[in-house]
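# Topology and contacts: notes
Listed here are the chains, written in short residue letters.
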Amino acid sequence: MTHQAVRHVSRSTAAAAGAIATAATSVTAAAVAASIILSPAPDASSRLDGVHADLQRAVQLNQITEEQALRFEAKLAGRILGEA
């Protein structure tokens, strides 16, 4: 095989591998997006549990006070339960 032929085969192989990798990445991204879109929304109590846990973590890290956490949690609970 000539040097030019070897270079052409190498470039073609690299281009094909790149195209396959791009296609695989696109398929993976689409699968993840579909699983997020099609997954059921968490119920109100699960959402409130998550809010509570996040706010308690913020209090422990001294990002907010306990009073701020309680007020914000009450405000969000009203909104979340109002949607349910």
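Refer to the preceding data block for the structure.
Everything numeric in this text was worked out from a predicted model, so none of it was measured.

### Comments concerning the environment of Gln56
Within the fold, Gln56 resides in helix α2 (residues 44-60). Separated by ten residues in the primary sequence, Gln56 and Glu66 place their C-alpha atoms 8.0 Å from one another.

### Observations concerning the nonpolar core
The biggest cluster of nonpolar side chains holds nine residues, and these are Ala44, Leu48, Val51, Leu55, Val59, Ala69, Leu76, Ala77 and Ile80. Contributing elements (two or more residues each) for this core: α2 and α3 (66-83). Ranked by the residues each element gives to this core, the list is headed by α2, at five residues. Aside from chain neighbours lying at most four places away, what touches Leu55 is Ile64, Ala69, Phe72 and Glu73.

### A closer look at the side chain of Glu73
Its location among the elements puts Glu73 in helix α3. Here Glu73 occupies a buried position and makes no salt bridge, while the nearest side chain of opposite charge, Arg71, is found at 12 Å. Among the polar contacts listed, one links the side chain of Glu73 to the side chain of His52, at a separation of 3.0 Å. Setting aside residues up to four positions removed in sequence, Glu73 forms contacts with Leu48, Val51, His52 and Leu55.

About the thresholds
- Residues numbered from 1 in each chain as written.
- Predicted model: local features only at pLDDT ≥ 70, side-chain atom pairs only at ≥ 80, totals over all residues.
- Heavy atoms only, no water.
- Helix = DSSP H or I, 4+ residues; strand = E, 2+ residues; numbered from the N terminus.
- Core = buried A, V, L, I, M, F, W, Y, C linked by side-chain atoms within 4.5 Å.
- Buried < 20%, exposed > 50% of the residue type's maximum accessible area, 1.4 Å probe, protein only.
- Contact = heavy atoms within 4.5 Å.
- Lys, Arg positive; Asp, Glu negative; His and termini not counted.
- Salt bridge = Lys/Arg side-chain N within 4 Å of Asp/Glu carboxyl O.
- Polar contact = N/O pair within 3.5 Å; in protein donor to acceptor, adjacent residues only side chain to side chain.

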